[in-house]
Amino acid sequence: MKLQLQRKSGLRALAVGAVAVSGALMLTACGSDDNTNAGGDSSKAPTSSSSIKCADKGGQLLASGSSAQQNAMDAWVKNYQQACSGAQINYKASSSGEGIIDFNNGTDGFAGSDSPLKPEEVEASKKICTNGTGISIPMVGGPIAVGYNLAGVDNLVLDAPTLAKIFDSKITKWDDAAIKKLNPDAKLPSTKIQSFHRQDESGTTDNLTKYFNGAAKDAWPYEHAKAWAGKGGQSAAKSAGVAAQVKQVNGSIGYFELSYATANSIKTVKIDTGASAPVEATADNASAGIAQAKVVGTGADLSLDMSAAYTTKADNAYPIVLVTYEIACDKGNKAETLPLVKSFLGYTASEEGQSILSEAGYAPLPAEIATKVRSAVDALS
């Protein structure tokens with residue numbers, strides 16, 4: 001079942017332009033979890049017509065995981081808490097792997113992950129979800145941008161095999177023949193390539209390497225994984241850490257969600273997919289890529305198969321995409337946090353909640369999937 005993305009018109013003005021910088025600019029290269037906002041006011045309250053349905057009781061809800069969705073979470077939490085006095089939502093941006101561990105240890109009401117739960121993670125969740133199981137609920141779509149910093153080069157095109165070889169240290173100079181072939185008009189220096197990857201287990205890494213597996217299998221001899229497997233390169237903590245290094249180091253290249261590139265004014269690579277023109281990392285182009293996804297989860301689980309997006313040659317379809325999931329118990333949620341979990345995730349999945357994503361560098365859920373997500377959240381017990 002192909003998902004047909006419908007771009008929503010008439011988006012509510014939720015003043016989230018400044019939210020895209022929250023976290024990314026304030027986090028240091030060593031990967032601080034400081035989520036302090038910078039560069040603008042993202043604390044503007046929801047409009048009086050806000051449709052947020054608050055839980056009957058307030059309280060505190062702990063959650064953690066994917067840093068890919070941090071900027072969206074920052075906006076959602078700010079809006080929700082301003083609409084629902086007495087509610088405190090604490091989302092710690094760590095990594096998908098850490099978030100799932102916290103969830104399966106019973107620490108968090110929900111977790112954020114850039115990949116759906118693995119079978120062993122589902123099995124582990126049964127210890128926490130009384131008479132139930134952990135499910136993967138898609139919530140945020142978007143492109144994984146490949147950012148670079150190369151003096152004198154403002155327009156760079158790469159394809160999947162070349163990217164895979166760069167990140168596996170098989171291509172080490174910017175004037176390599178493979179890069180020159182893709183950029184015949186660029187003045188490429190002989191500068192050494194300094195690639196940066198995530199040091200923590202990350203769904204962003206998992207999705208990038210899924211792309212390599214799908215579009216450049218011969219050039220990437222490793223299985224996709226949350227832990228980095230490529231040779232060489234340098235590591236940095238979280239998406240913000242990788243972005244900080246790319247911003248600072250000439251000759252560098254790295255990968256992170258588009259919002260981090262936007263927040264740090266980092267140039268991004270256009271991908272030669274075989275389409276009529278190289279494809280830029282934008283929310284709209286990512287939506288066109290995500291439109292190829294198929295639902296493969298069963299029951300309340302809404303896991304998606306993104307493989308068709310990685311090899312698409314459709315015009316304006318960006319192939320390096322991810323969907324972040326919220327991990328929750330379908331049944332057996334803790335009684336003290338269930339109302340907040342349902343209320344908060346109900347808001348993030350709502351039309352109002354989804355409408356903030358485009359301006360923050362993400363892609364809203366397709367209408368067809370959003371409807372299923374709302375039903376899955378409503379059914380949590």
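This write-up is about the structure you can find in this document. (Residues numbered from 1 in each chain as written. Predicted model: local features only at pLDDT ≥ 70, side-chain atom pairs only at ≥ 80, totals over all residues. Heavy atoms only, no water.)

## Some thoughts on the state of the cysteines
Part 1: Scanning the entire structure with this criterion turns up two disulfides.
Part 2: Here Cys54 is linked by a disulfide to Cys84, with a sulfur-sulfur distance of 1.9 Å. With the S-S dihedral at roughly -85°, the linkage between Cys54 and Cys84 falls on the left-handed side. Of the two residues, Cys54 sits in the segment before strand S1 (59-65) while Cys84 sits in the loop between helix H1 (70-83) and strand S2 (87-93), which places them 30 residues apart along the sequence.
Part 3: The buried category is assigned to Cys84, whose relative accessible area is 4%.
Part 4: In this model, Cys129 is linked to Cys329 through a disulfide, with the two sulfur atoms separated by 2.0 Å. Measuring handedness by torsion sign, the sulfur bridge of Cys129 and Cys329 sits at about -75° and is left-handed. Taken together, the positions of Cys129 in the loop between helix H3 (119-125) and strand S4 (134-149) and Cys329 in strand S13 (residues 321-329) put the pair 200 residues apart, joining distant regions of the chain.
Part 5: Owing to a relative accessible area of 3%, Cys329 belongs among the buried residues under this scheme.
Part 6: Indicated for the protein is the disulfide connectivity 1-2, 3-4, based on numbering the bonded cysteines in sequence order. (Disulfide = S-S within 2.5 Å. Helix = DSSP H or I, 4+ residues; strand = E, 2+ residues; numbered from the N terminus. Buried < 20%, exposed > 50% of the residue type's maximum accessible area, 1.4 Å probe, protein only.)

## Some points on the nonpolar core
When a protein is soluble and globular, its nonpolar side chains tend to lie buried together.
Part 1: One finds Trp76, Tyr80 and Ile253 to be the most contacted residues of the largest nonpolar core, which totals 105 residues.
Part 2: With eight residues, the top contributor of residues to this core is S4.
Part 3: Setting aside its immediate chain neighbours within four residues, Tyr80 contacts Ile52, Cys54, Ala55, Ala87, Ile89, Leu340, Ser343, Phe344 and Tyr347. (Core = buried A, V, L, I, M, F, W, Y, C linked by side-chain atoms within 4.5 Å. Contact = heavy atoms within 4.5 Å.)

## A few points about empty space enclosed by the protein
Part 1: Within the structure shown, the criterion is met by one cavity of 30 Å³ or more.
Part 2: A volume near 60 Å³ is recorded for the largest cavity.
Part 3: When grouped by side-chain class, the residues that make up the lining of the largest cavity number ten nonpolar, one polar and no charged. (1 Å grid on protein atoms, 1.4 Å probe; cavity = no way out; pocket = protein on both sides within 12 Å on 5 of 7 lines; lining within 4 Å. Points joined across faces, edges and corners; volume = space filled by probe spheres on them. Nonpolar A, V, L, I, M, F, W, Y, C, P; charged D, E, K, R; others polar.)

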